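# A structural walkthrough
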Amino acid sequence: MISSLALLSAYEEIEEVYDAQLAHSAKILLQLTEKEIGESENIEISLGTERPDISHHYENKLTFRIWKDDILSTQSVQAEQFGSFSATPGFSNEYVAGDMWRFFVLIDPPSNITIEVAEQLEIRQELILKILASFWLPLFLFVPLLIFIIWWIIGIALKPVYSLSNEINQRESNDFSPINEDQTPKEIHSLIQSMNSMLQRIQASFVREQQFTDNAAHELRTPLAAMKAQAQVLIRKSSHLPEFHEGLNDLHLSIDRATQMIEQLLELARLQSGVTDMHRIDLNTIVEETITDLSPLARRSNVSINLTNHKHCWINGNPHALTIMVKNVIDNAIKFSPQGSEVKVEVYEKDDQVVLAITDQGPGIPDAEKGKIFERFYRVRKSNHFTGSGLGLSIVKWVIDLHQADILMLNNTPGGLRVELTFAQLFK
């Protein structure tokens, strides 16, 4: 756009200058012709011999012709190629002898003299190109250098800001320590101070939330434990009243479910507000320790746990969060497996990944509900009854997202559910 406007402006200005030169040349020739004809009264004017020592390479692109009483008095050598062609009075562009020419014809009625001067338009186009080249060539050379210098200066000025951005981006979610403003420009000190103030408020909010969760869990545990003890006493005392057995057993199960929900809420709150640092860890160790902790539950449910694992399967993870995740998945598999069945646990490497697979022989999960099971408090209907608190798989999904891992729910054949947890393998 800019170059087009520059070209148009240069072209118009050069047109004006060259047209003025043509008109001026025609007037000078008119004055000389009037004097020559007036002195000799001879219409024909003889030109002298051309001198090559004072010629110019543009000379062949300039011509003139002079008429007196419609008789050609004289002409330049270059005008001989025009022959009988005659341009219209004033300025005009004409295509003659294979070239485009700019003509100016001046007619003087008192003396009946006609002056015709012409030049090739190629001269003007060549001049326009030279002017534009002299304008754009320095621009093309110096603008990239100027852009580089500006980019370099801005990069140096913003380097502390980039460092600050990287520092904030690499922080753990529970790191609320103040940002050091010593290595940053003074211009953003007020911004850093505002951010530090915000971090303090967020930290205080997290502390209050954690304290509330701990206090609420403690306050709820005590009455639930008392209710469970009373329910057990009632069940024993009403052993001779079978009509109350079902109701009391349902009450006992409801108390257990409420207790489990409180424990899982507490676990989730502590996970989300607690330490989430990652380091190199053997997933086999986590699985083996969790199975050992869940062995009493498996024995009470008459369910066996079969572990198949490699020697070491290293991943980058948080031990506490992984333990809670593995516990919830295997705990669900035990609870939903029929008595006398087996829960199969596998830990193996596959395509630079570590896979933890838990397979049970329970009722499985309908395909229509697999997209909802990770929602908080969503419970799958098992044998026409809702079981669990609806928080276990929500916790599992949170831990999976924390470790940037994948979880897949597959139907087991002939029955049951296979849960595959896939982590990026950490090499030595």
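Now for a look at the structure at hand.

What counts and what doesn't
- Residues numbered from 1 in each chain as written.
- Predicted model: local features only at pLDDT ≥ 70, side-chain atom pairs only at ≥ 80, totals over all residues.
- Heavy atoms only, no water.
- Helix = DSSP H or I, 4+ residues; strand = E, 2+ residues; numbered from the N terminus.
- Buried < 20%, exposed > 50% of the residue type's maximum accessible area, 1.4 Å probe, protein only.
- Contact = heavy atoms within 4.5 Å.
- Areas by Shrake-Rupley, 256 points an atom, 1.4 Å probe, with all protein chains shown as cover.
- Expected span 1.5 Å × (residues − 1).
- Bend = angle between axes of the 7 residues up to and from the residue.
- Polar contact = N/O pair within 3.5 Å; in protein donor to acceptor, adjacent residues only side chain to side chain.
- Pairing = 2+ DSSP bridges.
- Phe/Tyr/Trp six-rings, centres within 6.5 Å; stacked < 30°, edge-to-face > 60°.
- Lys NZ or Arg CZ within 6 Å of the ring centre and 35° of its normal.
- Salt bridge = Lys/Arg side-chain N within 4 Å of Asp/Glu carboxyl O.
- Axes fitted to C-alpha atoms, helices over the stretch in contact; angles between N-to-C directions.
- Parallel < 35°, antiparallel > 145°, perpendicular 65-115°, else oblique.
- Left-handed = near helix turned anticlockwise from the far one by under 90°.
- Core = buried A, V, L, I, M, F, W, Y, C linked by side-chain atoms within 4.5 Å.
- Patch = residues over 30% accessible without salt bridge, like charges linked within 9 Å, V, L, I, M, F, W, Y side chains within 5 Å.

## Some words on the overall build of the chain
When you go through the chain residue by residue, the secondary structure sums to seven helices and 14 strands. Looking at the 428 residues of the chain, the share that counts as buried comes to 34%. By sequence separation, contacts in the chain at least 24 residues apart represent 63% of the contacts at least 6 residues apart. Only carbon and sulfur atoms are counted for the fraction: they give 57% of the accessible area of the chain, which is about 26400 Å².

## Remarks on unusual backbone geometry
In this structure, D69 is a non-glycine residue whose phi angle is positive, near 55°. Along the polypeptide, D69 turns up in the loop between β1 (62–68) and β2 (71–75). One non-glycine residue, N302, lies in positive phi territory at about 55°. Relative to the assigned elements, N302 resides in the loop between α5 (283–300) and β7 (304–309).

## Comments concerning α5
Since one α-helical turn is 3.6 residues long, residues separated by three or four positions face the same way. Spanning 18 residues, α5 covers 26 Å between terminal C-alpha atoms, matching the ideal 26 Å at 1.5 Å per step. At L294, α5 shows its strongest bend, of approximately 45°, with the proline P296 following within four residues. Along α5, the residues that are buried comprise L283, N284, I286, V287, T290, I291, L294, L297 and A298. Of the residues flanking the start of α5, the one acting as N-cap is D282, its side-chain oxygen 3.1 Å from the backbone nitrogen of N284.

## Observations concerning the pairing of strand β8 (residues 314–317)
Residues I315 and G317 point to one face of β8 and are all buried, whereas W314 and N316, pointing to the other face, are not buried. By the bridge criterion, four bridges tie strand β6 (residues 279–282) to β8 in an arrangement that is antiparallel. What sits directly across from D282, in β8, is W314.

## Re the packing of aromatic side chains
Counted according to the given criterion, the structure contains five aromatic pairs. For the pair F85 and F103, a centre-to-centre distance of 5.4 Å together with 55° between the ring planes defines the contact as tilted. You can see F85 sitting in the loop between β2 and β3 (90–96) and its partner F103 sitting in strand β4 (residues 99–108), a full 18 residues away along the chain. With relative accessibility at 23%, the residue F85 sits in the partly exposed group. Taken together, the ring pairs in this structure connect F82, F85, W101 and F103 into an aromatic cluster. Between R280 and the ring centre of W314, over which it is positioned, the NZ or CZ distance is 3.9 Å.

## A short note on the pattern of salt bridges
Throughout the structure, instances matching the rule amount to six salt bridges. The salt bridge involving R65 is made with E116; its shortest N-O contact spans 2.7 Å. Taken as a pair, R65 in strand β1 and E116 in strand β5 (residues 113–120) lie far apart in primary sequence, 51 residues in all. Owing to a relative accessible area of 2%, R65 belongs among the buried residues under this scheme. Connected via shared salt-bridge partners are E346, R418 and E420.

## Some thoughts on the packing of α5 against helix α6 (residues 319–335)
Any two packed helices are characterised by how steeply their axes cross, that is the angle between the axes, and by the distance between the axes. Across the interface, α5 lies against α6 with an axial gap of 9 Å and an inter-helix angle of 40°. As far as their axial angle goes, α6 and α5 are oblique. Crossing geometry of α5 relative to α6 is assigned as right-handed. Within the contact between the two elements, α5 uses I286, V287, T290, I291, L294, L297 and A298 and α6 uses P319, L322, T323, V326, K327, I330, D331 and I334.

## Considering the nonpolar core
The biggest cluster of nonpolar side chains holds 40 residues, and the ones touching the most others in it are L283, M325, L356, L421 and F423. Of all the secondary-structure elements, those providing two or more residues to this core are α5, α6, β9 (342–349), β10 (353–359), α7 (392–402), β13 (406–411) and β14 (417–424). Leave out the neighbours within four places in its chain, and M325 touches L356, V396, V399, I400, L421 and F423. Ranked by size, the runner-up nonpolar core spans eleven residues in total, among them L22, A23, A26 and I37.

## Side note on the sheet that holds β1
An order of β2-β1-β5-β4-β3 is seen for the five strands of this open sheet, with the pairing classed as antiparallel. The open sheet terminates on both sides in strands that have one partner only, identified here as β2 and β3. Mean inter-strand twist for the sheet, computed between neighbouring axes without regard to direction, equals 25°. Packing of helix α2 (residues 121–169) onto the sheet brings it into contact with β1, β3, β4 and β5, and relative to β5 it is tilted by some 45°.

## Things to note about the sheet that holds β9
Ordered in space as β7-β9-β10-β14-β13, the five strands form an open sheet in which the pairing is mixed. Both edges of this open sheet fall to β7 and β13, since each of them pairs with a single strand only. For this sheet the average axis-to-axis angle between neighbouring strands, irrespective of direction, equals 15°. Strand direction decides the pairing type here: β13 and β14, joined by six bridges, are antiparallel. When the bridges of β14 are listed, D406 appears paired with T422. Most of the contacts of α5 go to β7, to which it runs at about 170°, and overall it touches β7, β9, β10 and β14.

## Comments concerning the environment of I128
Structurally, the position occupied by I128 is in helix α2. Each C-alpha atom of the pair I128 and S9 lies 10.0 Å from the other, and the pair is 119 residues apart in sequence.

## Topic: a nonpolar patch on the surface
Where nonpolar side chains cluster on the molecular surface, the patch consists of L137, L141, F142, L145, F148, I149, W151, W152, I153 and I156 and spans about 1100 Å² of accessible area. In this fold, L145 is placed in helix α2. Owing to a relative accessible area of 45%, L145 belongs among the partly exposed residues under this scheme.

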